[in-house]
Amino acid sequence: MKGVFEIPLTRGVRLTAVWDDRFKTGCLSATLLAPHTKKTASLNAVLPYVLRRGTARCPDSESLAAAMDELYGARIEPAIRKRGEVAALGFCADFPDAAFLPGRPDILSGTACLLGELLLTPATRGGRLRGDYVRSERQNLIDDINAEINDKRSYASLRLVEAMFRGESYGVSKLGTLADAANISPYALTKYYKELIATAPLELFYCGAEEPERVARVLREALASLPRTGTFAMPTTQVRAGFGDVKEKIIRETMDVTQGRLEMGFRLDRDGQEEPRYAALAVFNALFGGSATSRLFLNVRERLALCYYAGSTVDRNKGALFVSAGIDPDKFEEAHSEILAQLASLANGFIEPWELEAAKRGVISSLLACLDEPMGLEGLYLDRAILGSRPGPEEFAALCQLVTAEDVAAIASEAKLTHTYFLTAEADADA
Amino acid sequence: MLKKKEYALVGETAFTAETRSGLRVTVVPKPGFRKSMAFLAVNYGGADREFTLSGERFSTPAGTAHFVEHRLFEVEGQANALTTLSQRGANANAFTSPDMTAYHFECTDSFFENLRLLLQFVSTPYFTDEGMDRERAIIAQEIRMMEDDPEDAVYYALLRCLYAAPALREGVAGTEESIAAITAQTLRSAHRAFYTPRNMALVVVGDQDPRRVLETAEELMPETFAPLPVRVPEKPEGPLPLKMSGQRAMDVGAPLFLAGAKTKSGLLGRESVKFELTATLALSTLLGTASPLYRELYDAGAINETFGYDFENTAGYSQLSFGGETQKPEYVCMRVLETAADLAARGIDPAFFARRKKTALGSALRSAGSFENICYNVAAGGFSGYDYFDTVEVLNAVTAEDVRAFLAEYMTVDRCAISIIRKKG
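Residues numbered from 1 in each chain as written. Chains lettered and ligands numbered in written order. Predicted model: local features only at pLDDT ≥ 70, side-chain atom pairs only at ≥ 80, totals over all residues. Heavy atoms only, no water.

## Notes on the environment of Asp209 of chain B
All names here are of chain B. By the secondary structure assignment, Asp209 is in the loop between strand 9 (200–206) and helix 9 (210–220). Under the relative-accessibility criterion, Asp209 is labelled partly exposed at 37%. Remark: the alpha-carbon pair of Asp209 and Val332, spanning 123 residues in sequence, is separated by 52 Å. Among the polar contacts made by the side chain of Asp209, one reaches the main-chain amide nitrogen of Arg211 at a distance of 3.1 Å. (Helix = DSSP H or I, 4+ residues; strand = E, 2+ residues; numbered from the N terminus. Buried < 20%, exposed > 50% of the residue type's maximum accessible area, 1.4 Å probe, protein only. Polar contact = N/O pair within 3.5 Å; in protein donor to acceptor, adjacent residues only side chain to side chain.)

Okay, here's the thing in structure tokens:
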């Protein structure tokens, strides 16, 4: 890596360029940051897909695909991500590095230009986003929401989050609700699009062999017609603190499944948006359920053989901990109590030096490995952009080294189980 | 002796050698990268159920290769190898496919310490009776997880339409019934037969010294010249599907389908790479996102972004497939086959084909940038007899006529079976 450069391009637009000639593919992304709310979730989710249908110059999928063929199969894909209560929507592109192509074509300019067109000059009719594209992508969004049920593990996790954060934007899935999706009209979406493109912070990311100054020049040109009004305030996540004694709410749902999906949701006292708190959360999670040396893997899976997968994740933006396991429908009690017993053991400070060390090494190693992958870097710098300036990966690794057993125990003891969701087999409904 | 070869078209260098006991070692240096990956593959997978070793016949239950993979991490008198690797910060895992079992890790430090452990635990079985039931319970949950997944369900239902041989119809993990019959002795026999250096390959990708990798492999791989197992061939499969359709109902949001056809069998070496590239180009020309057909079906709302295609060449058999979520599976399948017949009759537009090839070149380069893809493909190439880094060269030789002929032969009504998962209720 030759360096990371942060270059403000214009008001509310920042380019992060990782100058690195080790990769065979370059990566370019453009991400608008908007509040994730019940009202906007479906609009956020559908917009990149509608824009991706066609531009003024390439008004349909065939002509767009032809343009990308000429760029040696550059891909520009819609991306919708939810970070806490921030929606990150836009496009991620990757393309082969010119050094390996006949005649060294200028793939970067071509891709940037197309990316700019997708964002700024969509195919329109009468000044509105094309009605046929909006209707068709609205239907696709409705189908996608309906299809959430296909993947039972993520379906269970969505239901848990919905129940646990009822009344908070965080509880709304990144696709929004069926009712809101059905309400999307060409008029409303066009209005939303125009407002967003003018007022939302726009994060650009590049990773590849081209000089950052040249990347900035190319992008400035591609985005020359970007309208900019407003203050470009970064959307934030509301964190509710102080969950004292809460009574766990258990939700059971039955379905035609052979495996039960257990999801447990815990509130933490605070979020993990600041370091060193985040370093402690990351190490805690690796130790509790985020690695092959974790308590959940070694006990729920290896010792008790209750599952094939059992793991935990932490949402640093919201301050929440989630546990997920696929178990026999009869083993609910056993798994549920073992998971809580492991958490209690950590809260009581029973932490072996080797497991703390293993957790730290795991977190640091996967972070460093991330630096070797363009898309890994993209995600890392997007998180950084949302949370404001943060220490770089190396400094973060150093903070992980400083995490103590007491830090881990403190996080385990602040975790309050508020909701458990169990998706189980039909025959088992009355058991 | 290490042999160095440079591949200008993809900008890679590979060092290859064979240890005294016959293990193929390949090192692909990646200067400037912090992570390194090691991948130890065995030419043995879920489809290899019947075999002979030194004249003795073995018939193993479905799921044996996968069970070996789960249990092999146990080390006598020490912690489980997965725990040890993970403890050192390495990200380790293993998988079993129909024709390969592989153990791998990625790490940013202690590479040689980890490599030693990988070579040791994979070549030193420790299969005890205790622990068998525990592992069976874990694998049973893995099987159930896949049973509940509609994408797995639609895939295996297609295989059951296409193939007659049990080993090709069933998943590598086996069933809860079949794994009940697996004992520690079953695992020992399978390991003795297949986990012999001549039947294995080690691939390392990263900023590591090739000589030291070879020395480590020489030191730790057992010096055995055990006979190689001989697979008992399945009854030959005819070109046509066993049955034309299969369906079931599940709790899904929208129906999904997968249609497919058996293609060439017994493909080996460079010929298999050319066939695979031809198949993939044919499918992308016919129904990829850039095709007129994709636009027609997508604009009509008959398909969504889940629509896609695949080509697989495993365990001596190859098949093509295409599908996704749709309300009209039969209609989409029919339009695909009609369009294929039309293209086969009219030929492929040269300008369109030239563009598809540019994209194929881009995607070959993209694939060669991934450590995982390099490891898997170099190992698979070693077992089959081709050089993965020659892919771009082979791709350049595929013609529009190859693609047309592929569509004419395989994308036909009598060859394509369809599997459908309908919405329950």
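## What to know about the domain arrangement of chain B
Residue and element names in this part refer to chain B. Assigned domains of chain B: these are domain 1 (3–231) and domain 2 (245–423). For domain 1 versus domain 2, the separation of C-alpha centres amounts to 28 Å. The partner domain 2 presents 43 residues to the 45 residues of domain 1 that form the contact. A salt bridge links Lys5 to Asp387, with the nearest nitrogen and oxygen atoms 3.7 Å apart. Applying the counting rule to domain 1 against domain 2 returns seven residue pairs in polar contact (both at pLDDT 80 or more). (Domains from an automatic or database assignment. Contact = heavy atoms within 4.5 Å. Salt bridge = Lys/Arg side-chain N within 4 Å of Asp/Glu carboxyl O.)

## Side note on helix 11 (residues 292–299) of chain B
All names here are of chain B. Among the residues of helix 11, Leu293, Tyr294, Leu297 and Tyr298 are the ones counted as buried. Along helix 11, the residues classed as buried sweep out an arc of 125° about the axis, all on the same side. Looking at the residues trailing helix 11, positive phi occurs at Gly301, about 75°. (Arc of directions from axis to C-beta.)

## Some thoughts on the interface of chain A and chain B
Between chain A and chain B, the contact holds 69 residues from the first and 60 residues from the second. Here chain A packs against chain B, burying approximately 5400 Å² in sum over the two surfaces, 49% of which is carbon and sulfur. The three residues of chain A that bury the most area against chain B are Lys24, Asp69 and Tyr308 of chain A, which together make up 13% of that side's buried surface. At the boundary of chain A and chain B, one finds 16 salt bridges. Residues Asp328 of chain A and Arg144 of chain B are paired through a salt bridge, measuring 3.2 Å at the closest nitrogen-oxygen approach. Those elements that provide at least two residues to the side of chain A that touches chain B are helix 2 (61–70), strand 5 (86–96), helix 4 (131–146), helix 10 (295–303), strand 11 (307–315), strand 12 (320–327) and helix 12 (353–370) of chain A. Its residues assigned to classes, the side of chain A that touches chain B comprises 31 nonpolar, 14 polar and 24 charged. (Buried area = accessible area lost by both parts, 1.4 Å probe. Nonpolar A, V, L, I, M, F, W, Y, C, P; charged D, E, K, R; others polar.)

## Brief notes about the pairing of strand 3 (residues 25–35) of chain A
Residues and elements named next belong to chain A. Counting buried residues along strand 3, ten of its eleven residues qualify, which places the element largely inside the surrounding structure. In this sheet, strand 5 lies alongside strand 3 in antiparallel orientation, the contact comprising eleven bridges. Note on strand 5: the bridge partner recorded for Gly26 is Phe95. One ladder, built from six bridges, connects strand 3 with strand 8 (residues 202–208); its direction is antiparallel. (Pairing = 2+ DSSP bridges.)

## Structural notes on the domain arrangement of chain A
Residues and elements named next belong to chain A. Considered domain by domain, chain A is made up of domain 1 (3–222) and domain 2 (249–428). Here the C-alpha centre of domain 2 lies 29 Å away from the C-alpha centre of domain 1. Each side of the interface is counted separately: domain 1 has 36 residues, and domain 2 has 35 residues. Around 3000 Å² of area is buried between domain 1 and domain 2 when both sides are counted, 69% of it from carbon and sulfur atoms. Sorting the residues of domain 1 by area buried against domain 2 places Arg153, Leu160 and Met164 first, and these three jointly supply 21% of that buried surface. At the junction of domain 1 with domain 2, the criterion picks out seven salt bridges. Notably, a salt bridge pairs Glu85 with Lys318, separated by 2.7 Å at the nearest N-O pair. Between domain 1 and domain 2 we count eleven residue pairs in polar contact (both at pLDDT 80 or more) in total.

## Concerning the nonpolar core
With 187 residues, the main nonpolar core has Leu15 of chain A together with Phe322 and Met411 of chain B as its most contacted residues. Ranked by size, the runner-up nonpolar core spans 58 residues in total, among them Ala17, Leu82, Val122 and Ile182 of chain B. (Core = buried A, V, L, I, M, F, W, Y, C linked by side-chain atoms within 4.5 Å.)

## Concerning the sheet that holds strand 3 of chain A
Read from one edge of the open sheet, six strands run 1-2-8-3-5-4 (chain A), paired in mixed fashion. At either margin of the open sheet sits one strand with a lone partner, and together these are strand 1 (3–10) and strand 4 (75–83) of chain A. On average, each strand axis in the sheet is inclined to that of its neighbour by 20°, with strand direction left out of account. Running over the sheet, helix 13 (residues 350–368) of chain B touches strand 3, strand 4 and strand 5 of chain A and is turned about 105° from strand 5 of chain A. (Axes fitted to C-alpha atoms, helices over the stretch in contact; angles between N-to-C directions.)

## Some words on the sheet that holds strand 9 of chain B
All names here are of chain B. Strand order across the open sheet formed by seven strands is 1-2-3-9-4-8-7, with mixed pairing between neighbours. Both edges of this open sheet fall to strand 1 (3–7) and strand 7 (91–96), since each of them pairs with a single strand only. Neighbour to neighbour, the strand axes of the sheet diverge by 15° on average, direction disregarded. Sheet analysis places strand 7 next to strand 8 (residues 101–107), joined by six bridges and oriented antiparallel. Bridge pairing in strand 8 places Asn91 opposite Glu106.

## Observations concerning the pattern of salt bridges
In total, this model carries 68 salt bridges over all chains according to the counting rule given. Between Arg361 of chain A and Asp109 of chain B there is a salt bridge, and its shortest N-O distance comes to 2.8 Å. With one member in each of two chains, Arg361 of chain A in helix 12 and Asp109 of chain B in the loop between strand 8 and helix 3 (111–123) form a pair that bridges those chains. Across the salt bridge formed by Glu170 of chain B and Arg49 of chain B, the nearest N and O atoms sit 3.2 Å from each other. Note that Glu170 of chain B is positioned in the loop between helix 6 (166–169) and helix 7 (176–180) and Arg49 of chain B in the loop between strand 4 (36–42) and strand 5 (50–53), a separation of 121 residues in sequence. Look at Glu170 of chain B and you get partly exposed, because its relative accessible area is 35%. In the salt-bridge network here, residues are joined through shared partners; they are Arg53, Asp60, Glu62 and Glu137 of chain A together with Arg295 and Asp299 of chain B.

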